[in-house]
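# Architecture at a glance
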Amino acid sequence: MTLLIIIIVLALIFDYINGFHDAANAIATVVATKVLTPFQAVLWAAFFNFLAYWVFGFGVADTVAKTAHTMEINLVVILAGVIAAICWNLLTWWLGIPSSSSHTLIGGFAGAAVAHAIAVHGFSGYVGEDGVTHYWYEIVSWYKAGKDGGMPSGVLIIIAFIVLAPLLGAFASYLISIWLLNASRKVIGPKIFTVALMIGTVWLVSSLMVPYAEIDKPRFDSHFWSVAFDPHNIKWFLVAFIILTVSLFCLIFSSLNLHQADAALKKMQLLSSAAFSLGHGGNDSQKVMGIIAAAVAVFIHTNPGVHMETWLDVILPNDDLGIKGVMPGWIPLACYSAIAAGTLSGGWKIVKTMGSKITKVTSFEGVAAETAGALTLYFTEHLKIPVSTTHTITGSIIGVGLTKRVSAVRWGVTVSLIWAWILTIPISAILAGIVYFLLSLFIK
């Protein structure tokens, strides 16, 4: 039990470090454009990091918890993964490199699991509890097909989104920038497009709402408030609110003078940074929830017959067996609190990289980048994919830079960031493997 408690504490410390390591993702553009002071910006971002507790479910947490097969590992594996992730996060923070906290955690967890499989079974095959021959590399859930044709999961999908997340962010921010640029012209075409988009958004979001009868655990006695505050529905409400707010601005953009437009865009940056902070909190806090859930599951498996306290009564969901997940309320509350506290601590070295070194960011570009980043995070969270908020916002900033000209993006800085992204998972995995072997000398 002591080792389990240590893992939970270290996981929350990682969550705190994640907060100040990734604070720049949400506040870099509002600081760079002087919409908020650095202190105001971190307060703003931290508040919405914590507010995500009431917005998001546990889909990403489930994906992270199943990075490795929990029935074939021990607590030392998870401890090694968390320690490696903390070390890599602190190193990249110190160097001012906006690497992915998400991929650090995934890489650490997977690397420690592989090291465990090699230590226990070697490189040859072994017969598992199911009577089937397995190999060391199968301990990691590399790929699992989606249920009923849904989105597949596994480490390979997470690796694929190292490329896809920034590309989605860049593509979305490029389109939003072009939309805003055209809306500033005194012509009817962009307004017709904007009205059509508003109608399409309302129709799409209303069709995706979950009715009261399909909500497993209504939060309120009132049907209306239960539907309005269901995590699935809140996300789509937020998507609609963001798109409709930008649309309303686009309808009046051409009637504003330069000073009025800049003032309005700075106010909209508050909305876009808040939306991104919500996505950051909801996406990254769930990864730590997943690690804690996996640790509890491993503890129960390695200690059969042990009586678990109510506060540690965690059950991982299993769609194949129809088992619904259970997570005590203190776990998400602690995770969202830790990441919010970390964000309050800031991460100014990375703020400088994100806010000025990639491309010069104005209020216009800030709105486009943060809006695109937020929508990308909501979309990937809906698909239960743990993407990097760092990669997403970086891609979004590159996208707005491309609307000016290709040379507006400082590609030398960007290439260095991409190398950091590519190396994060393998370095974290190797580091976690080394930590696992060292810990195994002292913890049996």
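Since the structure is predicted, the reported quantities are computational estimates derived from the model, not experimental observations.

Definitions and limits used
Every chain begins its residue count from 1, and numbering advances along the sequence as written. Since the coordinates come from a predicted model, pLDDT governs what is reported: local features require at least 70, and pairs of side-chain atoms require 80 or more to be given and counted, while whole-chain, interface and lining totals use all residues. Based on all heavy atoms of the structure, the side-chain values leave hydrogens and waters out of the count. The helix and strand labels rest on DSSP assignments: H or I over at least four residues marks a helix, E over at least two residues marks a strand, and numbering proceeds from the N terminus. Here's how the labels work: a residue is buried when its accessible area is under 20% of the maximum for its type, exposed when over 50%, partly exposed in between, all with a 1.4 Å probe on protein chains only. Contacts between residues were defined by any pair of non-hydrogen atoms, one from each residue, lying within 4.5 Å. The salt bridge definition used is simple: a Lys or Arg side-chain nitrogen within 4 Å of an Asp or Glu carboxyl oxygen. For each structure, a 1 Å grid was placed over the protein atoms alone; sets of points admitting a 1.4 Å probe that cannot get out are labelled cavities, open sets with protein on both sides within 12 Å along at least five of seven lines are labelled pockets, and lining residues have an atom within 4 Å of a point. Grid points are joined across faces, edges and corners, and a volume is the space filled by probe spheres set on the points. When residues are grouped by polarity, Ala, Val, Leu, Ile, Met, Phe, Trp, Tyr, Cys and Pro land in nonpolar, Asp, Glu, Lys and Arg in charged, and all others, Gly among them, in polar. In these notes, a set of buried Ala, Val, Leu, Ile, Met, Phe, Trp, Tyr and Cys residues joined through side-chain atoms within 4.5 Å is what counts as a nonpolar core. Expected span of a helix, by definition, is 1.5 Å for each gap between consecutive residues, and there is one gap fewer than residues. Side-chain atoms alone can form a polar contact between residues adjacent in sequence; in general such a contact is a pair of N or O atoms within 3.5 Å, and within protein one must be able to donate a hydrogen while the other accepts it. Interaxial angles span 0 to 180 degrees and are taken between N-to-C directions of axes, which are lines fitted to C-alpha atoms, for helices over the stretch in contact. These descriptions rest on fixed angle ranges, namely under 35 degrees for roughly parallel, over 145 for roughly antiparallel, 65 to 115 for roughly perpendicular, and the rest for oblique. Two helices that cross are described as forming a left-handed crossing if the nearer one is turned anticlockwise from the farther one by less than a right angle, and a right-handed crossing if clockwise. The arc in question is the one spanned by the directions pointing from the helix axis to the C-beta atoms. Ring geometry is summarised as follows: Phe, Tyr and Trp rings, the Trp one being its six-membered ring, pair when their centres sit within 6.5 Å, and such pairs are stacked at plane angles under 30 degrees, edge-to-face over 60 and tilted between the two.

## Observations concerning the side chain of His-116
Relative to the elements of secondary structure, His-116 occurs in helix H5 (residues 101-121). Under the relative-accessibility criterion, His-116 is labelled buried at 9%. In this structure, His-116 is in contact with Glu-72, Ile-73, Asn-74, Val-77, Ile-139 and Tyr-436, ignoring residues within four places of it in sequence.

## Some remarks on the pattern of salt bridges
Applying the stated rule across the entire model yields three salt bridges. With its nearest N and O atoms 3.8 Å apart, the salt bridge here joins Lys-266 to Asp-262. Here Lys-266 and its partner Asp-262 are both found in helix H10 (residues 258-302), four residues apart, which amounts to about one turn of the helix.

## Concerning the layout of surface pockets
Of the pockets and cavities examined, the second largest pocket occupies roughly 820 Å³. Along its surface, the second largest pocket is lined by 28 residues, and Ala-172, Leu-175, Ile-176, Ile-243 and Leu-375 are the ones closest to its centre. Going through the elements one at a time, helix H6 (155-183), helix H7 (189-208), helix H9 (231-253) and helix H13 (363-382) are the ones with two or more residues in the lining of the second largest pocket. For the lining of the second largest pocket, the element with the most residues is H6, which contributes eight residues. For the lining of the second largest pocket, the class distribution of residues is 21 nonpolar, six polar and one charged.

## As for the nonpolar core
Here is a general trend for soluble globular proteins: nonpolar side chains tend to be buried in one another's company. With 101 residues, the main nonpolar core has Leu-4, Ile-73, Ile-78, Phe-109, Leu-180, Ile-291 and Tyr-378 as its most contacted residues. Considering every element that reaches this core, the biggest residue donor is H10, with 17 residues. Look past the residues within four positions of Leu-180 in its chain and what remains in contact with it is Val-246, Phe-249, Cys-250, Phe-253, Phe-364 and Ala-368. Counting eight residues, the second-largest nonpolar core is a separate cluster that includes Val-31, Val-35, Leu-36 and Ala-41.

## Some words on H10
Helix length check: H10 (45 residues) gives 65 Å between terminal C-alpha atoms against 66 Å at 1.5 Å per residue, within 8%. Counting buried positions along H10 gives 32 out of 45 residues, so the element sits mostly inside the fold. Where H10 starts, the residue carrying a side-chain oxygen 3.1 Å from the main-chain nitrogen of His-259 turns out to be Asn-257.

## Some thoughts on the packing of H5 against H10
Where H5 contacts H10, the two axes come as close as 10 Å, and the packing angle between them is 20°. With respect to each other, H5 and H10 are oriented roughly parallel. Along this stretch, H5 crosses H10, giving a crossing that reads as left-handed. Side by side, H5 and H10 meet where Ser-102, Leu-105 and Phe-109 of the first sit next to Asp-284, Lys-287, Val-288, Ile-291 and Ala-294 of the second. The residue inventory of the contact of H5 with H10, partitioned by class, reads five nonpolar, one polar and two charged.

## Comments concerning H7
The terminal C-alpha atoms of H7, which comprises 20 residues, lie 29 Å apart, in line with the 28 Å expected from a rise of 1.5 Å per residue. Those residues of H7 not exposed but buried are Pro-190, Thr-194, Met-198, Thr-201 and Val-205. All buried residues of H7 fall inside an arc of 90° around its axis, so they share one side. Of the exposed residues in H7, those oriented more than 90 degrees away from the buried face are Ile-192, Ile-199 and Trp-203. Contacts from the buried residues of H7 go to H6 and H9.

## Here we look at the packing of aromatic side chains
By the definition in use, this model includes 11 aromatic pairs. Between the aromatic rings of Tyr-436 and Phe-437, the centroid separation amounts to 5.6 Å while the plane-to-plane angle is 70°, which identifies the pairing as edge-to-face. Since its relative accessible area comes to 5%, Tyr-436 is described here as buried. For Phe-437, a relative accessible area of 41% puts it in the partly exposed group. Linked through ring pairs, Phe-123, Tyr-135, Trp-136 and Tyr-137 together constitute an aromatic cluster.

## Some remarks on the environment of Ala-429
With respect to the helices and strands, Ala-429 occurs in helix H15 (residues 411-440). We classify Ala-429 as partly exposed; its relative accessible area is 21%. Counting along the chain gives 323 residues from Ala-429 to Ile-106, while the straight-line C-alpha distance between them is 8.3 Å. When residues no more than four places from it in sequence are discounted, the contact partners of Ala-429 are Gly-107, Gly-108 and Gly-111.

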